[in-house]
Amino acid sequence: MIRNIIAGAVMAWACAGVAGADVKVAPAGAFSASGKLAMKKGAIPVSCHTTFNGQVSEQGAIQVTEVIFGGMNPLCKSIKALELPWQGQVNTPGRLTVDDMQVKIRVPLLGGVCGPGPVSLVWGNADGSATFDAVTLGPDCAMDGTMVTSPQVDIRRTGQPVGAPEAVGETGVTHSS
């Protein structure tokens, strides 16, 4: 009960924070974002085919409800998303943030928890993609990769027509907590 109240409050806060971003997301609703994600815990890298499933509102509130790590590397099965759903928001047409990302790597001696913490992703409208560009997640984790959305999501400033030149995205990703 308390967790549901807190989750509702976080979603309301995320929606309120997005209102200032002045964005329009289309299509709103369920999305899936998939691609190759290279994760590193300490000095051990592993590359996995990763899928993020969730919901996005027209105003840019994001909720990630499921994360699937797969692929040929057997270590991918040792990675698990924790504390779902994750909340987030579109900050600008070129950047979005997932506020409470947390994963556990279940490998003896070298595993552990990454996060929770915010991660900032670069958004690309040309292919509806979110890019982890040297994203760090405390205490000692890093991620690189591009996830392409299905259906292809388009993020614009409110009033900017589809097909208009995309706003220049911000560079430099931060993100340790």
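Located above this text is the structure these notes cover.
Notes on the structure follow. Residue indices begin from 1 for each chain and proceed along its sequence in written order. Totals for whole chains, interfaces and linings use all residues, but because this is a predicted model, local features are given only for residues with pLDDT of at least 70 and pairs of side-chain atoms are given and counted only at 80 or more. Only hydrogens and water are set aside when side-chain values are computed; all heavy atoms of the structure are taken into account.

**Examining the pattern of salt bridges**
In step 1: By definition here, a salt bridge exists when the distance from a side-chain nitrogen of Lys or Arg to a carboxyl oxygen of Asp or Glu is within 4 Å. Inspection of every chain in the model, using the stated rule, returns three salt bridges.
In step 2: The salt bridge involving glutamate 58 is made with lysine 24; its shortest N-O contact spans 3.8 Å. A residue pair is termed long-range when its members are at least 10 positions apart, and glutamate 58 in the loop between strand E3 (44-56) and strand E4 (61-70) and lysine 24 in strand E1 (residues 23-26) qualify at 34 residues.
In step 3: Taking the relative accessible area as the measure of exposure, lysine 24 reaches 41% and is therefore partly exposed.
In step 4: Close ionic contact of arginine 156 with aspartate 154 constitutes a salt bridge, the shortest N to O distance being 3.1 Å. In this structure, arginine 156 and aspartate 154 share a single accessibility class: buried. Secondary structure counts use DSSP, requiring at least four H or I residues in a row for a helix and at least two E residues in a row for a strand, with both numbered from the N terminus. Residue exposure (1.4 Å probe, protein chains only): buried if accessible area is under 20% of the type maximum, exposed if over 50%, otherwise partly exposed.

**Concerning unusual backbone geometry**
In step 1: The amide bond that connects leucine 84 to the next residue, proline 85, takes the cis arrangement and shows omega of 5°.
In step 2: Counting through the fold element by element, proline 85 comes out in the loop between strand E5 (79-81) and strand E6 (86-92).
In step 3: Cis geometry is found at the peptide bond from glycine 115 to proline 116, where omega equals 5°.
In step 4: Within the secondary structure, proline 116 is located in strand E8 (residues 112-124).

**A short note on the state of the cysteines**
In step 1: For the purposes of this analysis, a disulfide is any pair of cysteine sulfur atoms at a distance within 2.5 Å. Enumeration according to the criterion identifies two disulfides in this entry.
In step 2: For cysteine 48, the disulfide goes to cysteine 76, at an S-S distance of 2.1 Å. With the S-S dihedral at roughly -100°, the linkage between cysteine 48 and cysteine 76 falls on the left-handed side. Placement of the pair is cysteine 48 in strand E3 and cysteine 76 in the loop between E4 and E5, with a sequence separation of 28 residues. Residues cysteine 48 and cysteine 76 agree in their burial class; the two are buried.
In step 3: The disulfide partner of cysteine 114 is cysteine 141, and the gap between their sulfur atoms is 1.8 Å. Measuring handedness by torsion sign, the sulfur bridge of cysteine 114 and cysteine 141 sits at about -60° and is left-handed. Of this pair, cysteine 114 sits in strand E8 while cysteine 141 sits in strand E10 (residues 141-150), placing them 27 residues apart in sequence.

**A closer look at the nonpolar core**
Soluble globular proteins tend to bury their nonpolar side chains together.
In step 1: Definition of nonpolar core: a set of buried residues of the types Ala, Val, Leu, Ile, Met, Phe, Trp, Tyr and Cys, connected through side-chain atoms within 4.5 Å. Counting 37 residues, the largest nonpolar core has Met39, Phe52, Trp86, Met101, Phe132 and Met143 as its most contacted members.
In step 2: Here this core takes five residues from strand E7 (residues 95-105), the largest share from any one element.
In step 3: If we skip the residues at most four places from it in the chain, methionine 143 touches Leu37, Ala38, Met39, Met101, Val119, Phe132, Asp133, Ala134, Val135 and Leu137. Only heavy atoms enter the contact rule, under which two residues are in contact if any of them lie within 4.5 Å.

**Looking at the environment of leucine 82**
In step 1: Residue position: leucine 82 is located in the loop between E5 and E6.
In step 2: Residue classification places leucine 82 among the buried positions, given a relative accessible area of 18%.
In step 3: Once the C-alpha coordinates of leucine 82 and cysteine 114 are considered, the two residues, 32 residues apart in sequence, prove to be 9.5 Å apart.
In step 4: Sequence-distant contacts of leucine 82, defined by excluding residues within four places in its chain, comprise Gln102, Val103, Lys104 and Val113.

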